[in-house]
Amino acid sequence: MVRVLAAGRWVGVLLGLLMGLQAAWAQSGEAPPKRELRGVWIATVENIDWPSSRNLSPEQQRREYRRMLDNHQRSGINAVFVQVRPASDAFYKSELEPWSKWLTGTQGQAPTPYYDPLPFLIEEAHDRGMEFHAWFNPYRATMDTLSRRLAASHPYRRHPEWFIRFGGKLLYNPGLPEVRQYINRVILDVVSRYDIDGVHFDDYFYPYPEARQVIHDEEAYARYNPDGLKLADWRRQNVNLLIRDLHDSIRQAKRWVKFGISPFGVWRNQNTDPNGSDTRAFEGYDGLYADALEWTRQGWVDYVLPQLYWSTGFKVARYPVLVEWWARNANNRHVYIGQGAYRMLENTRSDTIWRNPRELPRQVRLNRTFPAEIQGSVFFSSKSLMANALHTTDSLRQHEFRYPALVPVMPWLDAVPPLPPQRLTLTATRSANVLTWQPAPPAPDGDQAAYYALYRFTPEQTPRPDDPRNLLALVRPRAGYGLAFTDTTGRPAKPTPTT
């Protein structure tokens, strides 16, 4: 038996169809989580993950990306966070910012032969049942201060007054209202033109402190501080205004697009703030002027993804302590945990626990002890997860992520289920079983199904879609293609004896 789950942007309804198939896997033990975000960051800056070189041809880029997603699909990944704007540049066709040098080798130079990578990147992820989150770095403008190398279309050429120099880089000045408006415009351009599932920021807001380096935003502080805030509070307010306004803009443009941020793993230490965690580490609230708790309290983000790149035994910032703290401070928004897959490649003396191949799987299992608050993991980064250091990725494939999972629902975005699919038809042959169906009319809120989840059951099972071990496939509608699934793995069921 196969059932088709017609899923709207976040919530689904059921319709069943008997198919006389025997399940391809055995049912045993406690069911794994049906809904769990399992993501991976794909960094483009400095060609960390993709493309592996700035000299690859478009066809080589496409082949490399497909191989990467195939690898992650085998590992159970259901969401990719792809860096599309690493430094005020673009991995997509933009009228606002230049083509990225990490894509074509020269900033401002289009791919040759020409193509727009972003629709390809999104479609390949969707074809594998993965969400696509467009990852933007809001404030970083360059990786050096050699402005003569910038393309003619780089914003610095038009508005040098928008930028500050810090740590050998050019950064947008967060204290300028026109900067916030421009960043909002850049991101809304992508939201409106591309079929992304989410907008994502990492931990870079105001820059990480450096010795003998000063953020020179004195003029903006004097000009744009009508409430007379202290400098640190004013800087946090600047970041908050960007987050608030961007949240509102995304909702107005496409209410189903998620917005989330991956802050530094420690908000504040308990010895600084009684609401902080029992840690003794750098603090994102004070060091980066990033108040992640305020974003969730206000509902400005749909998820936070704290970067907890420490082991379970790291004394100044123990992983279990921080997981519990973020779970306790979820504020009715999703919490995913940023997992340091790259740590399994290190041989550091400061945290030797990472030499234990069980460490990362142990962290994933610990996350699951907070099922109502912690809804998944995202791994940094793609290259590290694919490296399979200490066979950690093998462990995830064979155990923690052995069975597929759907992404968690966000009822504050969409609580109206789509209508059931129509006219399901099964065509059975010796080599395959082909299931086709038609979409239903739009639901009362105007939405249609974003994807369909297919479940398979044995004749002995009671068909219920609460066990992901019965999940066979996810199918996303594609323009110009009918809704169909071809199954070559099922075996004919034995006839039922009669008396």
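Just above sits the structure.
Engineer: Explain empty space enclosed by the protein to me, please; I cannot follow it from the model alone.
Structural biologist: Space left empty within the atom packing is revealed by a probe, the size of a water molecule, rolled over the atoms. Scanning all chains against the criterion turns up 5 cavities of 30 Å³ or more. Its volume calculated, the largest cavity comes out at about 80 Å³. In terms of lining residues, the largest cavity is bounded by Asn78, Gly129, Met130, Glu131, Ala405, Leu406, Val407, Tyr451, Leu474 and Arg476.

Engineer: Got a minute to help me understand the sheet that holds strand β15 (residues 422-428) in this structure?
Structural biologist: Sheet strands line up and pair through hydrogen bonds in the backbone, either parallel or antiparallel. Pairing is antiparallel in the open sheet, where 3 strands are placed in the order β15-β16-β19. Of all strands in the sheet, those with a lone pairing partner are β15 and β19 (483-487), marking the two edges. Neighbour-to-neighbour, the strand axes of this sheet turn through a mean angle of 15°, independent of strand direction. Looking at chain direction, strand β16 (residues 433-438) and β19 are connected through 5 bridges and run antiparallel. What sits directly across from asparagine 433, in β19, is aspartate 487.

Engineer: Is there a simple way to explain the layout of surface pockets in this structure?
Structural biologist: Taken as a whole, the largest pocket encloses approximately 510 Å³ of empty space. Lining the largest pocket are 19 residues; nearest its centre among them are Gln73, Arg128, Pro404, Leu472 and Ala473. Among the secondary structure elements, those contributing two or more residues to the lining of the largest pocket are α1 (58-74) and β18 (471-475). Ranked by residue count, the leading element in the lining of the largest pocket is β18, at 4 residues. By residue class, the composition of the lining of the largest pocket is 10 nonpolar, 4 polar and 5 charged. By volume, the second largest pocket amounts to about 400 Å³. Sorting elements by how many residues they give to the lining of the second largest pocket places helix α3 (residues 117-127) first, with 5 residues.

Engineer: I tried to follow helix α5 (residues 177-193) on my own but got confused; where do I start?
Structural biologist: Since the α-helix packs 3.6 residues into each turn, any two residues three or four apart lie on the same face. Its 17 residues place the ends of α5 25 Å apart at the C-alpha level, agreeing with the 24 Å of an ideal helix rising 1.5 Å per residue. The set of residues buried in α5 consists of Val179, Arg180, Tyr182, Ile183, Asn184, Val186, Ile187, Leu188, Asp189, Val190 and Val191.

Engineer: It is not clear to me how the environment of tyrosine 455 should be interpreted in this structure. Could you clarify?
Structural biologist: With respect to the secondary-structure elements, tyrosine 455 resides in strand β17 (residues 451-456). Looking at tyrosine 455, the relative accessible area reads 1%, which means it is buried. Put simply, tyrosine 455 and lysine 258 are 197 residues apart on the chain and 26 Å apart in space, counted from C-alpha to C-alpha.

Engineer: Where do I start with the environment of alanine 211 in this structure?
Structural biologist: With respect to the helices and strands, alanine 211 occurs in the loop between β9 (198-201) and α6 (218-223). Residues alanine 211 and proline 465, spaced 254 residues apart in sequence, show a C-alpha to C-alpha distance of 55 Å.

Engineer: Could you clarify how one ought to interpret the pattern of salt bridges in this entry?
Structural biologist: Two side chains that carry opposite charge are able to pair once their charged atoms sit near each other. Applying the stated criterion across every chain yields a total of 30 salt bridges. The salt bridge involving aspartate 487 is made with arginine 456; its shortest N-O contact spans 2.8 Å. Of this pair, aspartate 487 sits in strand β19 while arginine 456 sits in strand β17, and the two are 31 residues apart along the sequence. As far as the burial class goes, aspartate 487 and arginine 456 line up, both buried. Among the charged side chains, a salt-bridge network with shared partners connects Arg66, Asp70, Glu124 and Arg128.

Engineer: Where do I start with unusual backbone geometry in this structure?
Structural biologist: Negative phi characterises most residues that are not glycine, and trans characterises most peptide bonds. The linkage connecting threonine 112 with the following residue, proline 113, adopts the cis geometry, with an omega of -5°. As for its placement among the helices and strands, proline 113 is situated in the loop between α2 (101-104) and α3. Here the amide bond leading from phenylalanine 380 into serine 381 is cis, since omega sits at -10°, within 30 degrees of zero. Within the secondary structure, serine 381 is located in the loop between β14 (374-379) and α12 (382-387). For tyrosine 289, which is not glycine, the phi torsion reads 60° and is therefore positive. The phi dihedral of arginine 423 falls on the positive side, at around 50°, and the residue is not glycine. Using a relative accessible area of 59% as the deciding quantity, one classes arginine 423 as exposed.

Engineer: Teacher, can you tell me more about the packing of aromatic side chains here?
Structural biologist: Any aromatic ring pair is given by two values, namely how distant the centres are and how the planes are angled relative to each other. Taken as a whole and judged by the stated rule, the model has 30 aromatic pairs. Look at phenylalanine 201 and phenylalanine 259: their rings are 5.6 Å apart centre to centre, the planes differ by 90°, and that puts the pair in the edge-to-face class. Residue phenylalanine 201 is found in strand β9, and its partner phenylalanine 259 is found in strand β10 (residues 258-261); the two are separated by 58 residues along the sequence. Neither phenylalanine 201 nor phenylalanine 259 differs from the other in exposure class; each is buried. Between phenylalanine 264 and tryptophan 310 the ring centres are 5.7 Å apart and the planes differ by 75°, which places this aromatic pair in the edge-to-face class. Here phenylalanine 264 is found in the loop between β10 and α8 (284-287), whereas its partner tryptophan 310 is found in the loop between β12 (307-308) and α10 (319-328), with 46 residues between them in sequence. Take phenylalanine 264: its relative accessible area is 16%, and that puts it in the buried class.

Engineer: Sorry if this is basic, but what is going on with the pairing of strand β5 (residues 79-85) here?
Structural biologist: In regular strands, side chains alternate between the two faces of the sheet. With 7 of 7 residues buried, β5 lies mostly within the body of the structure. Strand direction decides the pairing type here: strand β4 (residues 37-42) and β5, joined by 4 bridges, are parallel. Directly across from isoleucine 42, in β5, lies its bridge partner valine 82. Taken together, β4, α1 and β5 form a β-α-β motif whose crossover is right-handed. Note that β5 and strand β6 (residues 131-136) share 6 bridges and pair parallel. Across the sheet, residue glutamine 83 finds its bridge partner in β6, namely tryptophan 135.

About the cut-offs
Residues numbered from 1 in each chain as written. Predicted model: local features only at pLDDT ≥ 70, side-chain atom pairs only at ≥ 80, totals over all residues. Heavy atoms only, no water. 1 Å grid on protein atoms, 1.4 Å probe; cavity = no way out; pocket = protein on both sides within 12 Å on 5 of 7 lines; lining within 4 Å. Points joined across faces, edges and corners; volume = space filled by probe spheres on them. Pairing = 2+ DSSP bridges. Helix = DSSP H or I, 4+ residues; strand = E, 2+ residues; numbered from the N terminus. Axes fitted to C-alpha atoms, helices over the stretch in contact; angles between N-to-C directions. Nonpolar A, V, L, I, M, F, W, Y, C, P; charged D, E, K, R; others polar. Expected span 1.5 Å × (residues − 1). Buried < 20%, exposed > 50% of the residue type's maximum accessible area, 1.4 Å probe, protein only. Salt bridge = Lys/Arg side-chain N within 4 Å of Asp/Glu carboxyl O. Phe/Tyr/Trp six-rings, centres within 6.5 Å; stacked < 30°, edge-to-face > 60°. Right-handed = clockwise from strand over helix to strand, strands pointing away.

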